[in-house]
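Single-letter residue listing:
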Amino acid sequence: MKIEESNIVEANDYRVIIYPASRPFETKEAKAITEKLFDFLATWAAHGKPLSSSFKIEKNQFIIICVDEEKEMASGCSIDALGKIMREIDEEYQLGLFDRMKASFIENGEVKTLKLIDFKSKIRSGEISKDIEVFDFSKNTYLEFLGNFLLPFERSWAASIK
């Protein structure tokens, strides 16, 4: 189920796992990924107990998995199972979901992703204006995700680039 369609209440702070792709999804890819994740999450369990979970594709490039751990904690085995399906998706579509050495940002209304070293270099040289918004993939809870996934440059992790 998608987050928008789930019964997860946003007032509770659920665990979030963010998988950032290195590029936007093509329409057919997004449809196939949605189907795979819908099928996987429908049967996702920890020690035989179903996990209350949902997902959404944000900005056509980021897969957001949400788990209500107040009902049932995601175990090591269940997280491994999620990692396995995400690796399958990553390999099938060459998305770079596990490459954490990249930066994604919005410039002129468009999501852009660069290798981290290139992003830092372009910030330092002024090729990329500091008038951008930067994504933060380190958010672990849904409330953090809602409020701090996309921040103005000066409030983001990127502000520390010298």
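Residues numbered from 1 in each chain as written. Predicted model: local features only at pLDDT ≥ 70, side-chain atom pairs only at ≥ 80, totals over all residues. Heavy atoms only, no water.

Going by an unreviewed UniProt entry, the protein carries the name ABC transporter ATPase and comes from Chryseobacterium shandongense.

(A) Structural view of unusual backbone geometry. With a phi close to 55°, Q94 is a non-glycine residue in the positive phi region. When you line up the elements, Q94 lands in the loop between α2 (76–93) and β6 (102–107). Here the phi dihedral of N108 falls at roughly 55°; this positive angle occurs in a residue that is not glycine. Within the fold, N108 resides in the loop between β6 and β7 (110–115). Classification of N108 as exposed rests on a relative accessible area of 77%. (Helix = DSSP H or I, 4+ residues; strand = E, 2+ residues; numbered from the N terminus. Buried < 20%, exposed > 50% of the residue type's maximum accessible area, 1.4 Å probe, protein only.)

(B) Here's a closer look at the pattern of salt bridges. Tallied over the entire structure, the rule returns 8 salt bridges. A salt bridge links K56 to E58, with the nearest nitrogen and oxygen atoms 3.3 Å apart. Relative accessible area serves as the criterion here: at 13%, K56 is assigned to the buried category. For E58, a relative accessible area of 19% translates into the label buried. (Salt bridge = Lys/Arg side-chain N within 4 Å of Asp/Glu carboxyl O.)

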